[in-house]
Amino acid sequence: MCGIGACLSLLNDNVAPKIVKMLMNLEYRGYDSAGIAVIDSLGKIHVKKGVGRIHNLAETLRFNEMEGHIGIGHTRWATHGSVTDYNAHPHIDCGNNIAVVHNGIIENYTDIRERLISLGHEFKTQTDTEVIPHLVEEKYKEKKSILESLREALTELRGAYALVLITSHEPDKIFFARFFSPLVIGISNNDIYIASDIPAFLQWTRRVIILQDGDYGFVSADKIYIRNLYDPAVKGREIITVEWTKEMAAKGGYRHYMLKEIHEQPESVKRTVRMASKQIGDVINLIEKANYIYFVAAGTSYYASVHGQYAFAKYGIRSRAVIASEFLEEVGAFLDKDDLIIGVSQSGETADTLKAIRFAKKKGSKILAITNVVGSAITRLADRSIIMGAGPEIGVAATKTFTSQVATLDYIALNWARTHGFDVDLLISKLLNIDKDMEWVLEVNEEKAIKLSEVLKEKNNAYYLGRGLGLSIALEGALKMKEIAYIHAEAYPAGESKHGPIALVTEGFPIFSVVLRDETYHRMHIAIEEMSSRGGFIISVTEKNDSDTIKLSDFNFCAPDNYSNILAPLVYVIPLQLVAYYTAVKRGLNPDRPRNLAKSVTVE
Ligand code: F6R
């Protein structure tokens, strides 16, 4: 979704260059247009905005020359209103006294807009956001206090918002509010920052306030004032120090964040397992008590949940992975207080996932959250949370958070299994020491991925087949290829491929085949032969000594031996991430900025 970056300098420096940097750090949230507003020393608001990427706009619009020690900025992922200079944020009121940037959707904006137009307000854009400065302007006529006007305006807005506002009426403050869309405050000795996400300001501070739904207020040089629309007891929020470092959020010599994040996986999975071991506490007990377990998630997190379902099934735990946006219709009628919902979301802010969880909560179900972001919305809804140690993921396509999700779910499954008499000591110790094997997979497969990308860059379609524990790997591999290389890639349970998909297979059609040496092995071979006899170009991912599968393949990626078990995705998915990455690069695309996608989808 959109990214918000605001800054108040405590040293009276011009803040525009810092806001530009924050917006660059947040581009993974949206990048179709961007803009900045600052207040100058006379209290006048200046706005510059336009269509394009922030680094281009910074040059053409000369953002860095804007003067003012208080400012707000925005990088947009359009929802309401097409991608135009006008519709870019910030938006201003009629009097040019109030500027606002916003992330989220104001559902009742047409009603508010019509009412304001009848009161004489003139609108310049088609966005939902523009109603906010006008509504505050209207309230201010009577209240003569921006805080009060904002508070009253907020009570009229329906939908989701994170917003920041500057005003020439009170030029020494940045006002803010959050409801459903994320917003955090960062505090350093030199500045105060407000942003959609912590990596925006991680290079300057790790001291953070995580705003909660209903919070609103302002920051000034001597005050951080926070109140809550629904809870009068709130008189401020705790400052926490996050463990993420600025190096974690930087590219570290890699050409793209995605490549860096693929390479970080040995370390991030290891950290995640260590963190899971400290947080597992009563989770096994929660599983034990649950009548039924539902995973709820979207996108990559859903595929990790599919893995969770299969991994749990290995040890006799009955569960079902459900796509968040289908959850209400698919299983809503069956939920009750004895069920456990495992919400899996790297950002912890995905609107579809949060909606499903809220629904289940109302039914009395218990909620366990697995997320990468401390203090995210999902953790506040959940009865129990496990925070992963993946570190900030900046590439829009999820990579290291997928493997961290799998590792967390495996850790839970294995601990449950151990307490129920399964002999899983070997698997647990393998999981605890998996970094070496993941490093090996990276080393052995990277050159191969580069080579294969030469072939794939010319293709328009691909199938990804897997069975059992191989299925989630195929699903995730296809999603990566689709979202960053724009190749139409479909994953199927291998056995299903003969019931229709095979009709498309002609000479040279790429068929990725994830082959595990378990009870699915021979049936995977049958599927491969069916595809190959129709001309399919077989790209297998196998254990390295699986010579029988290698013989059936035109191209092979390898995983270490003895990974045909619930740990499989942790090593098998890596070649599929690499090949998607290199194919995107060969096609001249930027894997960190896939078109039409945003990292955190905070609208339904
Ligand atoms: C895929 C991707 C998305 C997310 C999905 C859920 O690479 O990034 O499919 O997985 O939007 O996001 P979270 O995990 O934040 O709930």
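Since we're looking at a predicted model, the values are computed, not measured. (Residues numbered from 1 in each chain as written. Predicted model: local features only at pLDDT ≥ 70, side-chain atom pairs only at ≥ 80, totals over all residues. Heavy atoms only, no water.)

> Explain the overall build of the protein to me, and be specific about the residues and the numbers.
Broken down by element type, the protein carries 19 helices and 24 strands. Taking 604 residues into account, the globule formula puts the C-alpha radius of gyration at 25 Å, and the protein, at 25 Å, falls close to it. Looking at the 604 residues of the protein, the share that counts as buried comes to 62%. Sequence-distant contacts, at least 24 apart, represent 71% of the contacts inside the protein between residues at least 6 apart. Looking at the protein as shown, the accessible area adds up to about 22400 Å², and 49% of this sits on carbon and sulfur atoms. For the protein, the separation between the mean place of its 69 positive charges and that of its 74 negative charges on side chains is 1 Å. (Helix = DSSP H or I, 4+ residues; strand = E, 2+ residues; numbered from the N terminus. Rg over C-alpha atoms; globule rule 2.2 N^0.38 Å. Buried < 20%, exposed > 50% of the residue type's maximum accessible area, 1.4 Å probe, protein only. Contact = heavy atoms within 4.5 Å. Areas by Shrake-Rupley, 256 points an atom, 1.4 Å probe, with all protein chains shown as cover. Lys, Arg positive; Asp, Glu negative; His and termini not counted. Charge placed at Lys NZ, Arg CZ, Asp CG, Glu CD.)

> Describe the pairing of strand S1 (residues 3-9), with residues and values.
By the criterion of burial, S1 is predominantly enclosed, with 7 of the 7 residues buried. Burial along S1 is two-sided: Gly-3, Gly-5, Cys-7 and Ser-9 facing one way and Ile-4, Ala-6 and Leu-8 facing the other are all buried. Across 6 bridges, S1 lies against strand S4 (residues 70-76) in antiparallel orientation. Residue Gly-3 lies in a different strand from S4, and its bridge partner there is Thr-75. Relative to strand S10 (residues 191-195), S1 is paired through 5 bridges, and the arrangement is antiparallel. By the bridge assignment, Leu-8 is partnered in S10 with Ile-192. (Pairing = 2+ DSSP bridges.)

> Give me the lowdown on the sheet that holds strand S7 (residues 159-167), citing residues and values where you can.
Strand order in the open sheet formed by 6 strands is S5-S6-S7-S8-S12-S13, and the pairing between neighbours is antiparallel. Looking at the sheet topology across the chains shown, the edges are occupied by strand S5 (91-92) and strand S13 (223-228). Both S7 and strand S8 (residues 174-179) contribute to a ladder of 4 bridges, which runs antiparallel. Looking at S8, one finds that Ala-162 is bridged to Arg-178. Along the sheet, helix H5 (residues 146-156) contacts strand S6 (98-106), S7, S8, strand S12 (215-220) and S13; its crossing angle with S7, the most-contacted strand, is approximately 160°. (Axes fitted to C-alpha atoms, helices over the stretch in contact; angles between N-to-C directions.)

> Can you lay out the domain arrangement of the protein for me, pointing to particular residues and giving the numbers?
According to the domain assignment, the protein consists of domain 1 (3-241), domain 2 (251-433) and domain 3 (440-604). A straight line from the C-alpha centre of domain 1 to that of domain 3 covers 43 Å. (Domains from an automatic or database assignment.)

> Residues and numbers for the site of the ligand, please.
Inspection of the region around the ligand gives 14 residues, with Ser-301, Ser-345, Ser-347, Thr-350 and Glu-483 positioned closest. The separation between an oxygen atom of the ligand and a polar side-chain atom of Ser-301 is 2.5 Å. A distance of 2.8 Å separates an oxygen atom of the ligand from a polar atom in the side chain of Lys-480. In the complex, the protein chains occlude 91% of the 410 Å² of accessible area that the ligand would expose alone. Split by residue class, the shell around the ligand holds 5 nonpolar, 7 polar and 2 charged. Viewed by domain, the shell around the ligand spans two of them, domain 2 (251-433) and domain 3 (440-604), each represented by three or more residues. (Near = heavy atom within 4 Å. Polar contact = N/O pair within 3.5 Å; in protein donor to acceptor, adjacent residues only side chain to side chain. Nonpolar A, V, L, I, M, F, W, Y, C, P; charged D, E, K, R; others polar.)

> Describe the side chain of Thr-272, listing the residues and the values that go with them.
As for its placement among the helices and strands, Thr-272 is situated in helix H7 (residues 265-279). The buried category is assigned to Thr-272, whose relative accessible area is 1%. Of the polar contacts made by the side chain of Thr-272, one reaches the backbone nitrogen of Gly-389; its length is 2.9 Å.

> If you had to explain the packing of aromatic side chains to someone new, which residues and values would you point to?
In total, this model carries 17 aromatic pairs according to the counting rule given. Relative to Phe-179, the ring of Tyr-161 has its centre 5.8 Å away and its plane inclined at 35°; by these criteria the two rings are tilted. Linking Tyr-161 in strand S7 with Phe-179 in strand S8, this pair joins segments that are 18 residues apart in sequence. The buried category is assigned to Phe-179, whose relative accessible area is 18%. Ring geometry for Tyr-292 and Tyr-294: centres 4.9 Å apart, planes at 35°, overall tilted. Judged by relative accessible area, which is 5%, Tyr-294 ranks as buried. Feature note: the residues Tyr-161, Phe-179, Phe-180 and Tyr-230 constitute an aromatic cluster, connected by ring pairs. The ring of Trp-440 carries Lys-544 above its face, with NZ or CZ at 5.5 Å from the centroid. Positioned above the aromatic ring of Tyr-486, the side-chain terminus of Arg-595 is 3.8 Å from the ring centre. (Phe/Tyr/Trp six-rings, centres within 6.5 Å; stacked < 30°, edge-to-face > 60°. Lys NZ or Arg CZ within 6 Å of the ring centre and 35° of its normal.)

> Hey, could you go over the pattern of salt bridges for me, with residue numbers and the actual values?
The final tally for this structure, using the stated rule, is 31 salt bridges. For Asp-338, the salt bridge is made with Lys-337, and the minimal N-O distance between the two is 3.4 Å. Using a relative accessible area of 38% as the deciding quantity, one classes Asp-338 as partly exposed. For Lys-337, a relative accessible area of 54% translates into the label exposed. Salt bridges sharing partners connect three or more residues here, namely Arg-115, Lys-139, Lys-143, Glu-152 and Glu-156. (Salt bridge = Lys/Arg side-chain N within 4 Å of Asp/Glu carboxyl O.)

> For the environment of Trp-204, give the residues involved together with the corresponding values.
Mapped onto the secondary structure, Trp-204 falls in the loop between S10 and strand S11 (207-210). With relative accessibility at 26%, the residue Trp-204 sits in the partly exposed group. In contact with Trp-204, other than residues within four places in its own chain, are Lys-18, Lys-21, Met-22, Ser-188 and Tyr-193.

> Just give me the short version of the pairing of strand S2 (residues 33-39), but keep the residues and values in it.
Working note: regular strand, side chains alternate between the two faces of the sheet. Of all the 7 residues making up S2, 7 are buried; the element is thus mostly covered by neighbouring parts of the structure. Side chains Ser-33, Gly-35, Ala-37 and Ile-39 project from S2 onto one buried face, and the interleaved Ala-34, Ile-36 and Val-38 project onto a second face that is buried too. Between the antiparallel neighbours S2 and strand S3 (residues 45-51) lie 5 residues, among them Gly-43 with a positive phi of about 85°. The pairing of S2 with S4 spans 7 bridges and is antiparallel.

> Could you give an account of helix H3 (residues 109-118), with specific residues and numbers?
Three or more residues of H3 are buried, namely Tyr-109, Ile-112 and Leu-116. Within H3, the buried residues cover an arc of 65° as seen down the axis, which keeps them to one side. Set apart from the buried face of H3 by more than 90 degrees, the exposed residues are Asp-111, Glu-114 and Ser-118. Buried residues in H3 make contact with S6, helix H4 (131-143) and H5. Among the residues trailing H3, Gly-120 stands out with phi positive, at a value near 105°. (Arc of directions from axis to C-beta.)

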